[in-house]
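Topology and contacts: notes
Chain by chain, the residues run as shown.
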Amino acid sequence: MSRVSENSSVSSINYAVGKTKGKVEDLQLKGSTLKRVSKPSDDPVGNVDLLAIRSQNIDADQYLRNLNFAQTQLSFTENILEEMTDLLVKAKELSVGQASSIYSAEIRQGVAKEIHQIRQQVLSLANKRMGNRYLFAGQKVLTRPFDMEGKYHGDKNKVNIEINKDVYVPINITGQELFYSKMKKPAERSDVDLKIESPDLNPETAVMRKPASINPEPQEVQATIFDELRSLENALLTDNPQVIQGLLERLDDSIERVVTYRTEIGALTNTISNAEGNIEKTKLLNEAHKSKIEDADVTELFADLQKEQNVLKATYRASSNLMNTSLMDFLK
């Protein structure tokens, strides 16, 4: 029979008590959080899945913020296009009425003031902002896209935003594509200058003025909506129904272009709504999967805790009996 020393017995008791206490503390911690996996060693494989789910949820939250921003900007843009459509249709209605010869020059001058106001309103819409970002300036969002003459100072670049992994959608329309006609047309007098200028009565400056150059080649211009409205305004001021009639087709093209972009904005809005719904569904599935991996079975957990507490009590009791044994007990 091998001899067991007192020190060996004490070490064995300490080991048994410590091991049981460790199990009880671990179960108490899981009971307080109701989590089955509180550290990677609890479930190494499940922990890898948990990390992947948490990463996906972080990405999904950012995508939802992107979608919210995109939705807001598209809503702003759609409202502006709606207002623009109404203004251009109003200008077209006035043009149709003034294209015939039944109205006098005085009436056309009054209508010209209304067209001027419409042009100013369209210019205001072209320079609309969302926060401090201009909507139609391309990627130069802090630059006012159109000056008072309707000249464009933005760029042709789209603002793309990521709404899911490797899925980007444009959320802006540049002023170049919205306010400029698609096709270049030969410049006409109405495109170049229809302003009524007062004659220069100063003989010195009149002598110094150079004669107008004659360009044998016809110019091609890409007219803007502002050019068309200004030409219409000038044609009304000069009582020129032929020019007004010629502008009707261009106004129709501009209205059709704005309506086309409204349709495009609507399609993008639907895409964003669908993407938002898909992300929300994915988040729900991830949460369900995460719960299966991470959450504890409450009944099983507290049954194990009760069992380990009983084991700890038994270990204490056995240790107490062993440690209280004296030399006299062996001599009895």
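Scroll up for the structure.
Report follows, based on the coordinates. The structure presented is a predicted model; accordingly, all values stated were derived computationally and were not measured. (Residues numbered from 1 in each chain as written. Predicted model: local features only at pLDDT ≥ 70, side-chain atom pairs only at ≥ 80, totals over all residues. Heavy atoms only, no water.)

Okay, the nonpolar core next. M84, V122, L178 and F179 are the most contacted members of the largest nonpolar core, which has 54 residues in total. Taken together, the elements giving at least two residues each to this core come down to α2 (44-98), α3 (105-126), β3 (160-164), α4 (175-179), α7 (225-237) and α8 (241-294). Among the elements that take part in this core, α2 stands out by supplying 13 residues, more than any other. Grouped together as the second largest cluster of nonpolar side chains are six residues, V24, L27, L301 and L312 included. (Core = buried A, V, L, I, M, F, W, Y, C linked by side-chain atoms within 4.5 Å. Buried < 20%, exposed > 50% of the residue type's maximum accessible area, 1.4 Å probe, protein only. Helix = DSSP H or I, 4+ residues; strand = E, 2+ residues; numbered from the N terminus.)

This part is about empty space enclosed by the protein. For the structure on display, the rule yields one cavity of 30 Å³ or more. Approximately 40 Å³ is the volume attributed to the largest cavity. If you trace the largest cavity, you find it lined by Q73, R133, Y134, L135, G138, V141, V159 and N172. Of the residues that constitute the lining of the largest cavity, the class distribution is four nonpolar, three polar and one charged. (1 Å grid on protein atoms, 1.4 Å probe; cavity = no way out; pocket = protein on both sides within 12 Å on 5 of 7 lines; lining within 4 Å. Points joined across faces, edges and corners; volume = space filled by probe spheres on them. Nonpolar A, V, L, I, M, F, W, Y, C, P; charged D, E, K, R; others polar.)

Of the pairings in the sheet, the one linking β3 to strand β4 (residues 167-170) comprises four bridges and is antiparallel in character. The residue bridging N164 from the neighbouring strand is V167, located in β4. Between β3 and β4, which follow one another and run antiparallel, lie two residues, and D166 among them has a positive phi close to 60 degrees. (Pairing = 2+ DSSP bridges.)

Relative to each other, α2 and α7 sit at 30 degrees, their axes nearing to 12 Å. Classified by the angle between their axes, α2 and α7 sit roughly parallel to one another. As for how α2 packs across α7, the hand of that crossing is left-handed. Facing α2, whose interface residues are M84, L88, A91, S95 and Q98, α7 presents I225, L229, L232 and L236. Its residues assigned to classes, the contact of α2 with α7 comprises seven nonpolar, two polar and no charged. (Axes fitted to C-alpha atoms, helices over the stretch in contact; angles between N-to-C directions. Parallel < 35°, antiparallel > 145°, perpendicular 65-115°, else oblique. Left-handed = near helix turned anticlockwise from the far one by under 90°. Contact = heavy atoms within 4.5 Å.)

This part covers the side chain of D155. You can see D155 is positioned in the loop between β2 (133-134) and β3. Here D155 occupies a buried position and makes no salt bridge, while the nearest side chain of opposite charge, K140, is found at 5.9 Å. At a separation of 3.1 Å, a polar atom in the side chain of D155 contacts the main-chain amide nitrogen of N157. Those residues within four positions of D155 in sequence are excluded, and the remaining contacts are A137, G138, Q139, K140 and T174. (Lys, Arg positive; Asp, Glu negative; His and termini not counted. Salt bridge = Lys/Arg side-chain N within 4 Å of Asp/Glu carboxyl O. Polar contact = N/O pair within 3.5 Å; in protein donor to acceptor, adjacent residues only side chain to side chain.)

A full pass over the atoms with the stated rule returns 14 salt bridges. Ionic pairing is found between E294 and K35, a salt bridge with its closest N-O pair at 3.6 Å. With a gap of 259 residues between them, E294 in helix α8 and K35 in the loop between α1 (6-33) and α2 connect regions that are remote in the sequence. Using a relative accessible area of 7% as the deciding quantity, one classes E294 as buried. Where salt bridges share partners, they join D26, K30, K39 and D42 into one cluster.

Positionally, T174 belongs in the loop between β4 and α4. With sequence-adjacent residues up to four places away left out, T174 is seen in contact with F136, G138, Y152, D155, K156 and N157.

Taken as a whole, this structure holds six aromatic pairs when the rule is applied. Their ring planes at 65 degrees and their centres at 6.5 Å tell us that Y152 and Y180 sit as a pair that is edge-to-face. Separated by 28 residues along the polypeptide, Y152 in the loop between β2 and β3 and Y180 in the loop between α4 and β5 (185-186) bring together distant segments of the chain. As far as burial versus exposure is concerned, Y152 and Y180 are alike and both buried. (Phe/Tyr/Trp six-rings, centres within 6.5 Å; stacked < 30°, edge-to-face > 60°.)

What follows deals with the packing of α7 against α8. The geometry of α7 relative to α8 is characterised by a closest axis approach of 10 Å and an angle of 155 degrees between their N-to-C directions. As summarised for this structure, α7 and α8 are arranged roughly antiparallel, according to the angle between their axes. Handedness of the crossing formed by α7 with α8: left-handed. Here I225, E228, L229, S231, L232, A235 and L236 of α7 lie close against α8, whose contacting residues are V243, I244, L247, R250, L251, S254, R257 and V258.

Our focus in this paragraph is α7. For α7, which comprises 13 residues, the first-to-last C-alpha distance of 18 Å matches the rise-based estimate of 18 Å (1.5 Å per residue) to within 8%. Among the 13 residues of α7, eleven are classified as buried, and the element is accordingly described as predominantly covered. Looking at α7, one finds that the buried residues are I225, F226, D227, E228, L229, S231, L232, E233, N234, A235 and L236. One or two positions beyond α7, positive phi appears at D239, with a value near 55 degrees. (Expected span 1.5 Å × (residues − 1).)

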